[in-house]
Amino acid sequence: MPEGGASRRGTYLAFDFGEKRIGVAVGEWPLGLAHPLKTIRSERTDERFSAIAALIAEWKPAGLVVGLPVALDGSPHAMTARCTRFANQLRGRFRIPVDYADERLSSAEAEERLRESGYNARGAKEHLDAVAAQVILQSFFQRISENPTDSSCHVSPDLT
């Protein structure tokens, strides 16, 4: 269930967090459709959160979703803690519910989608993070539609 029993209705923003780039996607629940939005390219925290604040002001999301990277066997690794920290910062700064979604293989799926759309390697790289965020949000929507009352369908932030 979304964090704190929040309503699932409305717009969601999803983030594919990286140390140099953050992919962002937008989607509407209950339509269950997600679209790549943009890539925030900055390593500076203030620039990142300024860009995110502008997106939140524009889209007025009901919730946020952060892709949580874990190893293929489900165990946490170094980026798991960084993503959890990022999600906590989002929650604290914007006071919007934040959910996690398992992001295993999201970049590989994003690469495949871009390749199928006719992008060459260089063109695909430009859009990869935003499409990975789209994959994350789409999988989140799919899990909550398939398991509306099952809280185990969400990745726990307690992995770190």
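Structure shown above.
Here we summarise the structure given alongside this text. (Residues numbered from 1 in each chain as written. Predicted model: local features only at pLDDT ≥ 70, side-chain atom pairs only at ≥ 80, totals over all residues. Heavy atoms only, no water.)

### Examining the environment of Glu-43
Piece 1. Within the secondary structure, Glu-43 sits in the loop between β3 (33-41) and α1 (45-59).
Piece 2. We classify Glu-43 as exposed; its relative accessible area is 58%. (Helix = DSSP H or I, 4+ residues; strand = E, 2+ residues; numbered from the N terminus. Buried < 20%, exposed > 50% of the residue type's maximum accessible area, 1.4 Å probe, protein only.)

### A short note on the pattern of salt bridges
Piece 1. One pass over the structure, following the stated rule, counts four salt bridges.
Piece 2. Arg-82 is the partner of Glu-19 in a salt bridge, and the nearest nitrogen-oxygen pair spans 3.1 Å. Here Glu-19 is found in the loop between β1 (10-17) and β2 (21-29), whereas its partner Arg-82 is found in helix α2 (residues 78-94), with 63 residues between them in sequence.
Piece 3. Taking relative accessible area as the criterion, Glu-19 reaches 43% and is therefore assigned partly exposed.
Piece 4. A residue is classified by how much of its surface remains accessible, and Arg-82, at 39% relative accessible area, is partly exposed.
Piece 5. Between Arg-21 and Asp-129 there is a salt bridge, with its nearest N and O atoms 2.5 Å apart. One end of the pair, Arg-21, is in strand β2; the other, Asp-129, is in helix α4 (residues 121-146), with 108 residues separating them in the sequence. (Salt bridge = Lys/Arg side-chain N within 4 Å of Asp/Glu carboxyl O.)

### Regarding the packing of aromatic side chains
Piece 1. Inspection of every chain in the model, using the stated rule, returns eight aromatic pairs.
Piece 2. Ring geometry for Trp-29 and Phe-141: centres 5.5 Å apart, planes at 35°, overall tilted. A residue pair is termed long-range when its members are at least 10 positions apart, and Trp-29 in strand β2 and Phe-141 in helix α4 qualify at 112 residues.
Piece 3. Seen from the ring of Phe-49, Arg-93 lies directly overhead, with NZ or CZ sitting 4.0 Å from the centre. (Phe/Tyr/Trp six-rings, centres within 6.5 Å; stacked < 30°, edge-to-face > 60°. Lys NZ or Arg CZ within 6 Å of the ring centre and 35° of its normal.)

### A short note on unusual backbone geometry
Piece 1. Cis geometry is adopted by the peptide bond preceding Pro-30, which originates at Trp-29 and carries an omega value of 20°.
Piece 2. Turning to its location among the elements, Pro-30 is positioned in the loop between β2 and β3.
Piece 3. Phi is positive for Lys-60, close to 50°, though the residue is something other than glycine.
Piece 4. With respect to the helices, strands and loops of the structure, Lys-60 is situated in the loop between α1 and β4 (63-68).
Piece 5. When its relative accessible area of 63% is taken as the criterion, Lys-60 is described as exposed.
Piece 6. In this structure, Arg-95 is a non-glycine residue whose phi angle is positive, near 55°.
Piece 7. With respect to the element layout, Arg-95 can be found in the loop between α2 and β5 (98-102).

### Some details on the sheet that holds β4
Piece 1. The strand order across the open sheet formed by five strands is β3-β2-β1-β4-β5, and the pairing between neighbours is mixed. In the strand order of this sheet, the two ends are held by β3 and β5, each with one partner. Each strand of the sheet is rotated relative to its neighbour by a mean of 25°, with strand direction disregarded.
Piece 2. In terms of strand pairing, β1 meets β2 through eight bridges, oriented antiparallel. Across the sheet, residue Gly-10 finds its bridge partner in β2, namely Trp-29.
Piece 3. Docked against the sheet, α1 engages β1, β2, β3 and β4, running at close to 150° with respect to β3.
Piece 4. Against the sheet, α2 engages β1, β2, β4 and β5, with an angle of about 170° to β4. (Pairing = 2+ DSSP bridges. Axes fitted to C-alpha atoms, helices over the stretch in contact; angles between N-to-C directions. Contact = heavy atoms within 4.5 Å.)

### Quick word on the nonpolar core
The nonpolar side chains of soluble globular proteins are, as a tendency, buried together.
Piece 1. Grouped together as the largest cluster of nonpolar side chains are 22 residues, with contacts concentrated most on Leu-13, Phe-15, Ile-52, Leu-64, Val-66, Phe-86 and Leu-90.
Piece 2. If you list the elements that add at least two residues to this core, you get β1, β2, α1, β4, α2 and β5.
Piece 3. Here this core takes five residues from α2, the largest share from any one element.
Piece 4. Non-local contacts of Phe-86, meaning those with residues more than four positions away in its chain, are made with Phe-15, Phe-17, Ile-22, Phe-49, Ile-52 and Val-66. (Core = buried A, V, L, I, M, F, W, Y, C linked by side-chain atoms within 4.5 Å.)

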